[in-house]
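Working through the structure, step by step
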Amino acid sequence: MKKILLLTTGGTIASVKTDKGLVPGLSGEWLVEKIPQVKTLCEITVKPILNIDSSNMSSSDWLVIANAIHEGLDNFDGIVITHGTDTMSYTTSIVSYMLRNLNKPVVFTGSQLPIDAEGSDGVINLFQSFQVATSDFKGICLVFNGKIIKGTRAFKIHSISEDAFVSCNYPYLGKFQDGKVVLEQNEEISDNLEFSPKVCDEVVFVKSNTWYKAIYS
Ligand code: ASP
């Protein structure tokens, strides 16, 4: 049976209601309890690495995530990372550039509703992430609402809808059919893993609505 590492970072999927709003508070073990059918797929080891709302994620947190993935690659067949949706696509992108030529699946996911909320999308998103993490996929992707998106191409377009992410100018990497993963894109990679855990903080972000409209209108 495959061995999968679950790294938890917080986000809505692991949040509980408090008088200050939603706050990350659920353990990785609790998340796994919500998808009992995963026990037929793999053995899971849980490792909490952060416990934050992803809108507070900083470049030093990206390094924590990249290092945890790098450490996990030797001992596990695949890795699932739970993450808040607000900045998940930034993390999947930067981590994709820090870890190149991966020969195993590394899957990020999250949800719009806490996994304990009635009808939460967290249950299916988490289970499907483990399905991809136990597949032949190689590289970094984001799994959300039945979509498998390349790490460098994910883009959040909705803050409430379960269909929160799209793949920007790149095909989806696969789909879920009859309860199974069907991979459609698996890039040829060399066997030489490249790990460069470096981030430059001296960057200014200029956001243009014109650019957004040009792509999505
Ligand atoms: N604010 C949350 C976060 O990004 C939103 C979410 O997870 O959906 O951590």
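These lines cover the structure that appears in this document, whether it is placed above or below. (Residues numbered from 1 in each chain as written. Predicted model: local features only at pLDDT ≥ 70, side-chain atom pairs only at ≥ 80, totals over all residues. Heavy atoms only, no water.)

Digging into unusual backbone geometry
- Within the chain, Asn101 stands out as a residue other than glycine whose phi angle is a positive 60°.
- Relative to the elements of secondary structure, Asn101 occurs in the loop between β6 (99–100) and β7 (105–109).
- Accessibility expressed as a relative area gives 22% for Asn101, which makes it partly exposed.
- A positive phi is found at Asp178, a non-glycine position, where the angle reads about 50°.
- If you trace the backbone, Asp178 turns up in the loop between β12 (174–177) and β13 (180–183).
- Residue Asp178 is classed as exposed on the basis of its relative accessible area of 77%. (Helix = DSSP H or I, 4+ residues; strand = E, 2+ residues; numbered from the N terminus. Buried < 20%, exposed > 50% of the residue type's maximum accessible area, 1.4 Å probe, protein only.)

Remarks on the nonpolar core
- Ranked by internal contacts, the top residues of the largest apolar core, which has 28 residues, are Leu7, Ile65, Ile69, Ile79, Leu99, Val106 and Phe108.
- Contributing elements (two or more residues each) for this core: β1 (2–10), β4 (42–52), α2 (59–73), β5 (78–82), α3 (88–98), β7 and β8 (139–144).
- For this core, the element with the highest residue contribution is α2, accounting for 6 residues.
- Beyond its immediate sequence surroundings of up to four residues, Ile69 is in contact with Leu7, Ile79, Ile81, Val95, Leu99, Val106 and Phe108.
- Within the second largest apolar cluster, 24 residues are counted, among which are Val38, Phe127, Phe130 and Ala133. (Core = buried A, V, L, I, M, F, W, Y, C linked by side-chain atoms within 4.5 Å. Contact = heavy atoms within 4.5 Å.)

Describing the pattern of salt bridges
- Taken as a whole and judged by the stated rule, the model has 5 salt bridges.
- The partner of Lys147 in a salt bridge is Asp163, with the nearest N and O atoms 2.8 Å apart. With Lys147 in strand β9 (residues 147–150) and Asp163 in the loop between β10 (154–156) and β11 (165–167), the pair connects residues that are 16 residues apart, well separated along the chain.
- Residue Lys147 is classed as buried on the basis of its relative accessible area of 17%.
- Overall, the relative accessible area of 28% leaves Asp163 in the partly exposed class.
- In this structure, Lys175 engages Glu184 in a salt bridge whose closest nitrogen and oxygen atoms are separated by 3.4 Å. (Salt bridge = Lys/Arg side-chain N within 4 Å of Asp/Glu carboxyl O.)

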